[in-house]
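Descriptive structure summary
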Amino acid sequence: MMTTDELYMQRCLFLARKAIGYTYPNPLVGSVIVHKGKIIGEGWHTKAGEPHAEVNAIASVRDKSLLKESTLYVNLEPCAHFGKTPPCADLIIEKEIPKIVIGCVDINSKVAGKGIERLRQAGREVIVGVLEAESQALNKRFFTFHAQKRPYIILKWAQTRDGFIAPLQQTQQAPVWISNALSQQLTHLWRAQEGAILVGKHTVEKDNPSLTTRHWVGNNPLRLVIDNEHSLAKTLAIFQGNPTVTLTISPTLSMPKQVCNDLYERQIQSLIVEGGAHVLQQFIDEGLWDEARIFVGTPQFSVGLKAPQLSGNLLTTQEIEGDYLFVVKNPAIEKRSL
C-alpha cells in the first residue's frame, strides 16, 4: 500500500506525463501543493521557456495565505539557477512553503543538489527520494543524456510471424506493411515523443518514408538519414517539409557512436532507430540501445530479410488487434541505470 507522500508523488508523475514530447531540452515535471490533506494547487511544465511545474502549481492556489502551512510535492529537484525562467527554489522560499517532498535529484550540473541545499539553508524541511525509481524512469531521456552524454535510444521494427523484416522482392506497394493500422498509429505517437528518428539509405530508397507524425498530433522528430555519398534524390519524401540531416559516417569509427555524438552536440535527448535491419543490428552489436519495441504482425514471408537479433529483458507484451508488441530493455544499460 502506498504512503500518503507516494500518492501525491504519483499525482506529480501523472501531471508531468501530460507534456511528453513538448518540454525538450527540459525534463518532465509535475507539482502538487497539499494543505491539511487536501490538494489546493497543481501544475506541470508544459514547454521549454514556459513556467516550471512549481510556478504553475503555486499560481493555481487561490488562497496564497495557505502556502505557509502547505507541502509542495515535485518529482524532480527544484532548480536553483537562472535560465529562461527564475529559480523555482527561490519562489518556494519567497512563498514561505515550509515542507518540500521531492521524487529525485536533478543530475544536470546546473542543479545537482543546489536546489535542495538552498531550500534547507532557508530552513525548509526537505524530503528526497519518494518514488525515486519512478521519477527517474519518467525522465529516462533527460537522465541518460546528462549521465551518459548521449540520447536515449529506442530501436523499433516490425517483423513477420516467421521472423522477417521485409520480403526479398517488393513487387507491390512500398513499404510492405507488416503491422496493422493501429500499430502504425502507435508508432507515430512514439515519434511525437522523441527528439530524432534515424534510418539508413537503403530504407529510404526502398520505402520512401516520410518519418513524420502524420497519423498523430504532435511535434515531428528531427529526421536523420545515413548517406555517405549524399546521392539520395531531394525529391524523396524524407526531404520534404520538416528538416532532415544527412549523416556522413566514417568507416573507421563506430556508426552508432558517431550518431550519438552528433545528437549530443545538437542537444537532442532521444532517438528512435527505425531501420533498416543492418542499421538496427549495428546498434544492437555495439550495445548502444536502451529499449527495443518490436511488432510481430500476422503476415508470413517464408523467405526474406531476417529481422535483427537481440537479447534483453522483456518488459511488456501487448496484443494490438492481432499484432503483438514486445518491449525489451537492454540488460547491460539497466545495470548502469541511475
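Residues numbered from 1 in each chain as written. Predicted model: local features only at pLDDT ≥ 70, side-chain atom pairs only at ≥ 80, totals over all residues. Heavy atoms only, no water.

1. Some words on the nonpolar core
Formally: By convention a nonpolar core is built from buried Ala, Val, Leu, Ile, Met, Phe, Trp, Tyr and Cys residues, the set being connected through side-chain atoms within 4.5 Å. Exposure classes here rest on a 1.4 Å probe applied to the protein chains alone. A residue is buried below 20% of its type maximum, exposed above 50%, and partly exposed in between. Note on conventions: DSSP H or I runs of at least 4 residues are helices, E runs of at least 2 residues are strands, and numbering of each starts at the N terminus. Contacts are assigned to residue pairs that have any heavy atoms within 4.5 Å of one another.
The biggest cluster of nonpolar side chains holds 31 residues, and the ones touching the most others in it are Leu 155, Leu 198, Leu 224, Val 259, Leu 271, Val 273 and Phe 283. The element that contributes the greatest number of residues to this core is helix H10 (residues 277-286), accounting for five residues. Sequence-distant contacts of Val 273, defined by excluding residues within four places in its chain, comprise Ile 153, Ile 154, Leu 155, Lys 156, Leu 198, Val 279, Leu 280 and Phe 283.

2. Quick word on empty space enclosed by the protein
Inclusion rule: Of the grid points, spaced at 1 Å and generated over the protein atoms alone, those admitting a 1.4 Å probe that cannot get out make up cavities, while open sets with protein on both sides within 12 Å along at least five of seven lines make up pockets; any residue with an atom within 4 Å of a point is treated as lining. Grid points are joined across faces, edges and corners, and a volume is the space filled by probe spheres set on the points. Amino acids outside the nonpolar list (Ala, Val, Leu, Ile, Met, Phe, Trp, Tyr, Cys, Pro) and the charged list (Asp, Glu, Lys, Arg) are all regarded as polar, and Gly is one of them.
Evaluated as defined, the whole model comprises one cavity of 30 Å³ or more. Estimated volume of the largest cavity: approximately 60 Å³. Classifying every residue of the lining of the largest cavity gives five nonpolar, five polar and one charged.

3. Concerning the sheet that holds strand S3 (residues 71-76)
What counts is decided by this rule: At least two bridges found by DSSP between two strands is the condition for calling them paired. For every element, the axis is a line fit to its C-alpha atoms; helices are fit only across the contacting stretch, and the angle between N-to-C directions ranges from 0 to 180 degrees.
Spatially, S2-S1-S3-S4-S5 is the arrangement adopted by the five strands of the open sheet, whose pairing is mixed. Here the strands that pair on one side only, and so sit at the sheet edges, are strand S2 (38-44) and strand S5 (125-128). Pairwise comparison of adjacent strand axes, ignoring direction, gives a mean angle of 15° for this sheet. With four bridges connecting them, strand S1 (residues 30-35) and S3 associate as antiparallel partners. By the bridge assignment for S3, Ile 33 is matched with Leu 72. Its contacts with the sheet place helix H4 (residues 114-121) against strand S4 (99-104) and S5, and it is angled at close to 150° to S5.

4. Some thoughts on the UniProt feature "binding site: NADP(+)" (unreviewed entry) in the protein chain
Keep this limit in mind: UniProt positions are given in the numbering used here, feature names are shortened, and annotations may be inferred rather than shown by experiment.
Under the local residue numbering, the UniProt record ascribes the feature "binding site: NADP(+)" (unreviewed entry) to Ala 158, Trp 177 and Asp 207. In summary, the annotated positions, though distributed over 50 residues, converge in three dimensions, the widest C-alpha pair being only 13.8 Å. From the set just named, the residues that line the largest pocket comprise Ala 158, Trp 177 and Asp 207. Of note, Ala 158 is situated in strand S6 (residues 152-159). Residue classification places Ala 158 among the buried residues on the basis of a relative accessible area of 13%. In contact with Ala 158, other than residues within four places in its own chain, are Phe 164, Ile 165, Ile 178, Ser 179 and Phe 295.

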